[in-house]
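Here is how the chains run, residue by residue.
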Amino acid sequence: EGLYYCEGILDWGRASVEGYNLSCNILFHETLVNLAPLAQLLDNSAIAAEWLALAEILKPNLEKFWDPAEGLYMDNLNAPDLHPQDGNSLACWFGIVDVDQAATITTNLKKRWGPYGPINPECSGPVSPFISGFELQAFVRANKMNDALQMIRTAWGWMINNPASTGSTMLEAWGGDGQLTYPFYKDKPSYISHCHPFSTGPVLVMTFELLGLNV
């Protein structure tokens, strides 16, 4: 397939990523592209060239995941009916798609927004602020900063202001109905982190993209 095959099954709490998985392949491509200059700095030009050659093979094959009828990427070549939040957001964030395709993807991702934030299908329907942080970056890449800010006010605003939260720290996840549930933990909501660094995506967007404070 000219793609990375993932033999593991676990990722951030979602359903299995085993097989030809979209997000794993995008992350692999991003890793190859970013490690190649480091190999060059370490005087290993052969390895750098090998990694860039792999990336060049991989990128066009990512289009095997594209579902034009949905205007989204499929999660896995073995799961054509699942169109994930993580992989589609990463495709925009890491420049796999151009601005026009990013606009299409984000338009369709926005259709899943509920009153408490974006619903995540690959984890059976919670709001994942970790992966929603990826979606924020997708909206930035699609030149939709107003949508990104709307998502921050909706999801993270609810997170800070709801009575079950601490009012100052980040939740790991919550249900699409606003209840503190997370399918990954099944019947153990007490496992949900109330101080979750992975949920701080708005810090990146508001600092580096909205204010433009980049080193």
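Nothing here was measured: the structure is a model prediction, and the numbers come from that model.

**What about the overall build of the chain?**
Along the chain, the regular secondary structure elements total seven helices and six strands. Seen in sequence order, the chain has helices and strands lined up from the N terminus as α-α-β-β-α-α-β-β-β-α-α-β-α. Relative to the 2.2 N^0.38 estimate, which gives 17 Å for 215 residues, the radius of gyration of the chain is 18 Å and therefore close to what a compact globule would have. Referenced to the eigenvectors of the C-alpha coordinate spread, the extents of the chain come out at roughly 55 × 40 × 30 Å. The 215 residues of the chain split such that 46% are buried. Excluding contacts between residues fewer than 6 apart, the proportion of contacts in the chain whose partners are at least 24 apart in sequence is 58%. As displayed, the chain has an accessible area near 10,700 Å², and 58% of this comes from carbon and sulfur atoms. Each charge class in the chain can be summarised by its mean position, and for the 11 positive and 23 negative side chains these summaries are 7 Å apart.

**What to know about a nonpolar patch on the surface**
The grouping of Leu35, Leu38, Leu41 and Leu42 at the surface amounts to a nonpolar patch, some 440 Å² of accessible area in total. Mapped onto the fold, Leu41 is located in helix α1 (residues 22-41). Leu41 gets classed as exposed once you look at its relative accessible area, which sits at 69%.

**A few points about the packing of aromatic side chains**
What characterises a pair of aromatic rings is the spacing of the ring centres plus the angle enclosed by the ring planes. Applying the stated rule across the entire model yields 15 aromatic pairs. Aromatic pair Phe184 and Tyr185: ring centres 5.2 Å apart, planes at 55°, arrangement tilted. According to the relative accessible area criterion, Tyr185 is buried, its value standing at 17%. Grouping aromatic residues by their ring pairs yields a cluster made of Trp12, Trp93, Phe94, Phe130, Phe134 and Phe198.

**Thoughts on helix α4 (residues 99-110)**
With twelve residues, α4 should cover 16 Å at 1.5 Å per step; its first-to-last C-alpha distance of 16 Å lies within 8% of that length. Among all positions in α4, only Gln101, Ala102, Ile105, Thr106, Asn108 and Leu109 are buried. When α4 is viewed along its axis, its buried side chains cluster within an angular range of 160° and face the same direction. Buried-residue contacts for α4 involve β1 (66-67), β2 (72-73), α3 (85-93), β3 (113-114) and α5 (129-141).

**So, the nonpolar core**
With 26 residues, the main nonpolar core has Ile26, Tyr73, Val97, Ile105 and Tyr182 as its most contacted residues. Of all the secondary-structure elements, those providing two or more residues to this core are α1, β2, α3, α4 and α5. Residues within four places of Tyr182 in sequence aside, it is in contact with Trp12, Gly13, Cys123, Pro126, Glu172, Ala173 and Ile192. Among the nonpolar cores identified, the runner-up in size contains 17 residues, and Leu136, Leu149, Ala155 and Leu171 belong to it.

**Topic: the side chain of Thr106**
Locating Thr106 in the fold gives a position in helix α4. Relative accessible area serves as the criterion here: at 0%, Thr106 is assigned to the buried category. Among all residues touching Thr106, those that are not within four sequence positions of it are Ala138, Phe139, Ala142 and Lys144.

**Some details on the pattern of salt bridges**
One pass over the full model with this rule turns up six salt bridges. Between Asp86 and Arg14 there is a salt bridge, and its shortest N-O distance comes to 3.2 Å. Placement of the pair is Asp86 in helix α3 and Arg14 in the segment before α1, with a sequence separation of 72 residues. Taking the relative accessible area as the measure of exposure, Arg14 reaches 6% and is therefore buried. Note that Asp187 and Lys188 form a salt bridge whose closest N and O atoms lie 3.3 Å from each other. Shared partners join several salt bridges into a network, and the residues in it are Arg14, Asp75 and Asp86.

Conventions we followed
- Residues numbered from 1 in each chain as written.
- Predicted model: local features only at pLDDT ≥ 70, side-chain atom pairs only at ≥ 80, totals over all residues.
- Heavy atoms only, no water.
- Helix = DSSP H or I, 4+ residues; strand = E, 2+ residues; numbered from the N terminus.
- Rg over C-alpha atoms; globule rule 2.2 N^0.38 Å.
- Buried < 20%, exposed > 50% of the residue type's maximum accessible area, 1.4 Å probe, protein only.
- Contact = heavy atoms within 4.5 Å.
- Areas by Shrake-Rupley, 256 points an atom, 1.4 Å probe, with all protein chains shown as cover.
- Lys, Arg positive; Asp, Glu negative; His and termini not counted.
- Charge placed at Lys NZ, Arg CZ, Asp CG, Glu CD.
- Patch = residues over 30% accessible without salt bridge, like charges linked within 9 Å, V, L, I, M, F, W, Y side chains within 5 Å.
- Salt bridge = Lys/Arg side-chain N within 4 Å of Asp/Glu carboxyl O.
- Phe/Tyr/Trp six-rings, centres within 6.5 Å; stacked < 30°, edge-to-face > 60°.
- Expected span 1.5 Å × (residues − 1).
- Arc of directions from axis to C-beta.
- Core = buried A, V, L, I, M, F, W, Y, C linked by side-chain atoms within 4.5 Å.

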